[in-house]
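Report on the structure
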Amino acid sequence: MLNFKEKVVELISNQVESLDKGEIASLIEIPPSYDMGDYAFPAFRLSKIFRKAPNLIAEELVEKFGENECFEKIENAGPYVNFFINKSKLVEVVMEEIKNQGGSYGSSNIGDGKTVIVEYSSPNIAKPFHIGHIRTTVIGNALYKIYKFLGFNTIAINHLGDYGTQFGMLISAYKKWGDKEVIEKDPINELLKLYVRFNSEAEENEELRDESRYWFKELEDGNEEALKLWEWIREISLKEFNKVYDMLNIKFDSYAGESFYSDKMPRVIEELKEKNLMKESEGAYLVDLEDYDMPPALIMKSDGSTLYTTRDIAAAIYRKETYDFYKNIYVVASQQNLHFKQWIKVVELMGYQWAKDCIHIPFGMVSLEDGTLSTRKGRVVFLEDVLNKAIESTLNIIEERNPNLQNKEEVAKQVGIGAVIFQELFNQRIKDYVFSWERTLSFEGETGPYVQYTHARANSLLEKGSFSIEDRVDYNLIKSEDEINIARLLYDFPQVVLNAMEKNEPYFITRQIVEIAKAFNKFYNSSQIIVDDIEVKKARLMLTYGTKEVIRIGLGLLGIEAPNKM
């Protein structure tokens, strides 16, 4: 697609030999309003080179540029050179690109030959899949889709929390109070009851803690009874988790969790010893990180059991050797910032240059309106319940507003679940927030249902106007400010997708499709689209088609479906 910014760089480069194209590109600004142009080049940097006032340099540059088919006008405003894109050229360029690329608009092959691993969701086995897990799950899924869209060989890994001391607790609790038949009828709730009871009683009885540590050590050492219980708990838990993944339409390439690396940790421990990185402290082993302003990284406890750090190092080495990743991304809450800094630093000290390619993508925490989530105390909101309630609320709205809608149960699922995902991805991921049913299920304002409804409205117009992608369109007929604003936003979409990838921030896409929806609805309310003038109708329907396609693509990258009717 024609890159207007590159045309600006080219024009300036032809007149200013002292700056290379990269330097020129970095100086170009986007004016605060289109009245001041689409691009602006400040001449301050050139005043030392040409020994003239910046405003005089800007004036001379404008004279030298002359006319150019890509720009309606180029003018100076004080020390700035302002470039106004040729609007009919803009519309033609973006609409032909969408027409030719269809569902691939905004994609690229920049990731060709590069493997990106995205680790996300990663719930703990035998614990509830609650509202606190939604952020890692939907942020990670969006990043997976964005990288894939940009040509990367992308691998989705669900690093299940299927190991660790909580399994010692569960095995101990099950042996004391468990009933297999009762648990299999409602696995997560019943396992949660055992977990909560064990923690409650352990507060009064320290011997229970010792017992749980014993059973975890037995599990690590391959005790047959412990292994059998652990495998059963893992299997019934994963079955429950998959109900939620199916609702979210999320699939993983690997479910290799913490347990997968249990036989790969001795190698890590030996290597740390050989490289003199590990120190003994009261029977435990650690890596001293004082020189890097961090507390020591604990590698092995005094009883010989391993920790998250050991497993994460083993997992990173395995992934590099197996996938030869370009990026190894971890979508994990900001509470784990120190943990990731520590183990990535240890990998670097081990001499692995690819440590820099292990990237922690933190996000803010979710709390309830009456306090924080706590699995140990049983204070959780199940994610499956949230999604089901969203679907139910959406279906009630459809019954009120459009009771004759075909496939309304399917549409309710698309819109209800889409509302929850959109709410999660609307703000910067690092922000903490309080989960609110009212806000999540709102269908007013800048929400998922609003964007989905805009897509359905555009689709309805295309059907009503008998739109054909093969129609020849006179793009000069798209000229009102409302129409041009849509074209500008559609034109920016590919760059927005790139920005989302580079900053690992899906919310760039969320905000862009909201702006596209708002611009289209403004156009819809100010202009009749299906008019008697056939040529004008074809032009406006083509703009409608472009809007519909880009909204659909954007929603898809976020993991949200786009219903054709609502």
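Notes on the structure in this doc start here. (Residues numbered from 1 in each chain as written. Predicted model: local features only at pLDDT ≥ 70, side-chain atom pairs only at ≥ 80, totals over all residues. Heavy atoms only, no water.)

Some points on the nonpolar core
Formed by 151 residues in total, the largest nonpolar core has its most connected members in Phe-41, Val-81, Phe-83, Val-331, Phe-422, Phe-493 and Ile-509. Top element by residues in this core is helix 11 (residues 224-248). It accounts for twelve residues. Setting aside its immediate chain neighbours within four residues, Ile-509 contacts Ile-146, Phe-493, Val-496, Val-497, Ala-500, Gly-554, Leu-557 and Leu-558. (Core = buried A, V, L, I, M, F, W, Y, C linked by side-chain atoms within 4.5 Å. Buried < 20%, exposed > 50% of the residue type's maximum accessible area, 1.4 Å probe, protein only. Helix = DSSP H or I, 4+ residues; strand = E, 2+ residues; numbered from the N terminus. Contact = heavy atoms within 4.5 Å.)

As for the pairing of strand 10 (residues 358-361)
On any regular strand, side chains alternate: one points to one face of the sheet, the next to the other face. Note that strand 9 (residues 327-331) and strand 10 share four bridges and pair parallel. Within strand 10, the position partnered with Asn-328 by the bridge is Cys-358. A crossover links strand 9 with its parallel partner strand 10, the connecting element being helix 14 (residues 337-349), and its sense is right-handed. (Pairing = 2+ DSSP bridges. Right-handed = clockwise from strand over helix to strand, strands pointing away.)

Quick notes on the packing of aromatic side chains
The final tally for this structure, using the stated rule, is 28 aromatic pairs. Pairwise contacts between aromatic rings join Tyr-120, Phe-129, Phe-241, Tyr-245, Phe-252 and Tyr-255 into one cluster. Over the face of the ring belonging to Tyr-285 we find Lys-273, whose NZ or CZ atom lies 5.3 Å from the ring centre. In this structure, Arg-457 is placed above the aromatic ring of Tyr-524, and the distance from its NZ or CZ to the ring centre is 4.1 Å. (Phe/Tyr/Trp six-rings, centres within 6.5 Å; stacked < 30°, edge-to-face > 60°. Lys NZ or Arg CZ within 6 Å of the ring centre and 35° of its normal.)

Looking at the sheet that holds strand 2 (residues 71-77)
Pairing between sheet strands relies on hydrogen bonds along the backbone, with the strands arranged either parallel or antiparallel. Spatially, the three strands line up as an open sheet ordered 1-3-2, and their pairing is antiparallel. This sheet does not close on itself; its edge strands, each paired only once, are strand 1 (39-42) and strand 2. The sheet shows a mean angle of 15° between the axes of neighbouring strands, taken without regard to direction. (Axes fitted to C-alpha atoms, helices over the stretch in contact; angles between N-to-C directions.)

Some remarks on the side chain of Arg-319
By the element assignment, Arg-319 lies in helix 13 (residues 308-323). Judged by relative accessible area, Arg-319 falls into the buried class, the value being 1%. One polar contact links Arg-319 to Asn-328, side chain to side chain, over a distance of 3.4 Å. Apart from residues lying up to four places away in sequence, Arg-319 is in contact with Ile-117, Glu-119, Ile-157, His-159, Tyr-261, Asp-324, Phe-325, Asn-328 and Tyr-330. (Polar contact = N/O pair within 3.5 Å; in protein donor to acceptor, adjacent residues only side chain to side chain.)

A look at the sheet that holds strand 10
Strand order in this open sheet of four strands is 5-4-9-10, and the pairing throughout is parallel. The open sheet has two edge strands, strand 5 (153-157) and strand 10, and neither has a second partner. Sheet twist, expressed as the average angle between the axes of neighbouring strands with direction ignored, equals 20°. With four bridges connecting them, strand 4 (residues 115-119) and strand 9 associate as parallel partners. Looking across to strand 9, one finds that Glu-119 is bridged to Tyr-330. Along the sheet face, helix 6 (residues 134-149) touches strand 4, strand 5, strand 9 and strand 10 and points at about 155° away from the line of strand 9.

Looking at the packing of helix 19 (residues 481-502) against helix 21 (residues 534-557)
Where helix 19 meets helix 21, the axes come as close as 11 Å, and the angle between the chain directions of the two elements is 30°. Between helix 19 and helix 21, the angle is such that the two are roughly parallel. Considering only the axes of helix 19 and helix 21, their crossing is left-handed. Residue-level inspection shows Glu-483, Ile-486, Leu-490, Phe-493 and Val-497 of helix 19 in contact with helix 21, the latter providing Arg-540, Leu-543, Gly-546, Thr-547, Val-550, Ile-553, Gly-554 and Leu-557. Taken together, the residues of the contact of helix 19 with helix 21 break down into eight nonpolar, three polar and two charged. (Parallel < 35°, antiparallel > 145°, perpendicular 65-115°, else oblique. Left-handed = near helix turned anticlockwise from the far one by under 90°. Nonpolar A, V, L, I, M, F, W, Y, C, P; charged D, E, K, R; others polar.)

Describing the packing of helix 20 (residues 507-526) against helix 21
Contact geometry for helix 20 and helix 21: axes closest at 10 Å, N-to-C directions at 155°. Classified by the angle between their axes, helix 20 and helix 21 sit roughly antiparallel to one another. Crossing hand, helix 20 versus helix 21: left-handed. Contacts between helix 20 and helix 21 involve Ile-509, Ile-513, Ile-516, Ala-517, Phe-520 and Phe-523 from the first element and Arg-540, Leu-543, Thr-544, Thr-547, Val-550, Ile-551, Gly-554, Leu-555 and Leu-557 from the second. When the residues that make up the contact of helix 20 with helix 21 are grouped by side-chain class, the tally is eleven nonpolar, three polar and one charged.

Quick look at the side chain of Asn-199
Position of Asn-199 relative to the elements: it lies in helix 9 (residues 187-202). Residue classification places Asn-199 among the buried positions, given a relative accessible area of 3%. Reaching out from Asn-199, the side chain makes a polar contact with the side chain of Arg-209 at a distance of 3.4 Å.

Quick notes on unusual backbone geometry
In this structure, Arg-51 takes a positive phi of about 55° despite not being glycine. The residue Arg-51 is located in the loop between helix 3 (46-50) and helix 4 (54-65) in this model. For Arg-51, a relative accessible area of 76% gives the class exposed. With phi around 50°, Asp-324 is a residue other than glycine that occupies positive phi space. Take Asp-324: it is sitting in the loop between helix 13 and strand 9. A relative accessible area of 52% places Asp-324 in the exposed class.

Observations concerning the environment of Lys-73
By the secondary structure assignment, Lys-73 is in strand 2. Put simply, Lys-73 and Val-62 are eleven residues apart on the chain and 9.5 Å apart in space, counted from C-alpha to C-alpha. With residues near it in sequence (within four places) discarded, Lys-73 still touches Asn-82, Phe-83 and Phe-84.

Overview of helix 15 (residues 383-401)
End to end, helix 15 covers 27 Å across 19 residues, agreeing with the expected 27 Å (1.5 Å per residue, within 8%). Of the positions making up helix 15, those classed as buried are Leu-383, Val-386, Leu-387, Ala-390, Ile-391, Thr-394 and Ile-398. Buried residues of helix 15, seen end-on, are gathered within an arc of 130° and therefore sit on one face of the element. For helix 15, the exposed residues lying more than 90 degrees away from the buried face are Glu-392 and Glu-400. (Expected span 1.5 Å × (residues − 1). Arc of directions from axis to C-beta.)

Some points on the pairing of strand 2
Two strands pair when backbone bridges link them, and strand 2 and strand 3 (residues 80-85) are joined in this way by six bridges, in the antiparallel orientation. Its bridge partner being in strand 3, Asn-76 is matched across the sheet by Val-81. Here strand 2 folds back onto strand 3, and the loop between the two strands holds two residues, one of which, Gly-78, carries a positive phi near 60°.

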